[in-house]
Amino acid sequence: MNLHGWIIYNGYLPGNKFLDFAEWLQDAAFKQNIYTDIYKNNELLTFLSTDSLDLIRENKESLPNFVIFTDKDIYLAKQLELLGVRVFNSAESIEKSDDKIATYQTLAAKHLPIPKTIVAPKAFVKSEYFNPKDFRDSINSLGFPVIIKEAFGSFGEQVYLVHSMEEAFEKLFELHGIPFMLQEFISSSHGKDIRLQVVGDEVVAAMTRHSSNDFRANITAGGTMKKYQPSHEEKETAVAATRAIGADFAGVDLLFGPDNKPVICEINSNAHIRNMYDCTGINVAEFMIGYIINTLRIEDSK
């Protein structure tokens, strides 16, 4: 089975870590004798007309057998799917992962463990009618400290821990017009969490992340990491979360709930894997490529 793939990342984001992720995947594919091209999303423009769907691109090579989509440009991912290309992860799963409100709604519908969450009413623009006191009862029901979290964000940013009603009202005024939610603070997981890399129905690597000076444990925010052997329950929870949003692979962040019961914090459809390798010595990219080969073989035989 001769396969040709594309690996797509965002061409507008600063830094080298996004290209690094793409090259990491490309190297793993090469070791499996699979040829891949790396594209920035701004090198593949979506074209729509009454008569056709297409991609405007400089290289007029034929479409690939598959795409590994390491970005959140769901319109481009959907265009590729409409053109008949198998996309890992799908546009729908990327969309659910990217929107944390949609993530929590999906997980709650599957009765998976999440923090108590209250979604703010949709406000398309800042409104003179906004009154943060409308949230007083909701905040009191969750208790202090409370998390205020924007629906969209990465690397632990756009997540705020507030300790008083005055601080909460100030943050609510700041965020009004942006989709956000209120969430109970899982104090038993202060400054620590678990990142589990899920590929298919398997957890292939895991590490704990720790911060001594921040309630968030993200490495980008200054956290440290340690190799971790997850429990059966933690593995099951991570796989179920990945399956719930329809992803082929994901980085699932679990909090340490009361009695060390896992609580799902976040699902990352395009989780970077270099930190996991540095911590555990496990190359998640090799598992991802193996999964893609097996999946395409199964789908081709149907």
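Here the structure is a predicted model, which is why all the values come from computation and not from measurement. (Residues numbered from 1 in each chain as written. Predicted model: local features only at pLDDT ≥ 70, side-chain atom pairs only at ≥ 80, totals over all residues. Heavy atoms only, no water.)

What am I meant to see in the side chain of threonine 36 here?
Here threonine 36 shows up in strand 2 (residues 35-40). In contact with threonine 36, other than residues within four places in its own chain, are His4, Gly5, Ile7, Gln26, Ala29 and Phe66. (Helix = DSSP H or I, 4+ residues; strand = E, 2+ residues; numbered from the N terminus. Contact = heavy atoms within 4.5 Å.)

Would you mind showing me how to read the sheet that holds strand 13 (residues 224-227) here?
Within a beta sheet, neighbouring strands are joined by backbone hydrogen bonds and run either parallel or antiparallel to one another. The 5 strands lie next to each other as 13-12-11-14-15, forming an open sheet whose pairing is antiparallel. Strands with a single pairing partner mark the edges of an open sheet, and in this sheet they are strand 13 and strand 15 (262-268). The average angle at which neighbouring strand axes cross in this sheet is 30 degrees, direction not considered. Alignment of strand 11 (residues 192-199) against strand 14 (residues 249-256), held across 6 bridges, turns out to be antiparallel. Its bridge partner lying in strand 14, arginine 195 is registered against aspartate 253. Together, strand 11, strand 12 (202-210) and strand 14 form the strand contacts of helix 9 (residues 284-301), whose direction differs from that of strand 11 by roughly 35 degrees. (Pairing = 2+ DSSP bridges. Axes fitted to C-alpha atoms, helices over the stretch in contact; angles between N-to-C directions.)

What exactly am I supposed to notice about the pairing of strand 2 here?
Along a regular strand, successive side chains alternate from one face of the sheet to the other. Bridge analysis of strand 1 (residues 4-9) against strand 2 gives 6 bridges, and the strand direction is parallel. Within the sheet, the bridge partner assigned to glycine 5 lies in strand 2 and is threonine 36.

It is not clear to me how the packing of helix 3 (residues 91-98) against helix 4 (residues 100-109) should be interpreted in this structure. Could you clarify?
Geometry of a packed helix pair, given as the angle between the helix axes and the separation of the axes. Orientation of helix 3 relative to helix 4, taken along the N-to-C sense of each, is 100 degrees, at an axis distance of 5 Å. Of the possible angle classes, the one that applies to helix 3 and helix 4 is roughly perpendicular. Along its contact with helix 3, which presents Lys96, Ser97 and Asp98, the element helix 4 presents Lys100, Ala102, Thr103 and Thr106. Tallied by class, the residues present in the contact of helix 3 with helix 4 amount to 1 nonpolar, 3 polar and 3 charged. (Parallel < 35°, antiparallel > 145°, perpendicular 65-115°, else oblique. Nonpolar A, V, L, I, M, F, W, Y, C, P; charged D, E, K, R; others polar.)

Functional significance is not addressed by these values, which are geometric in nature.
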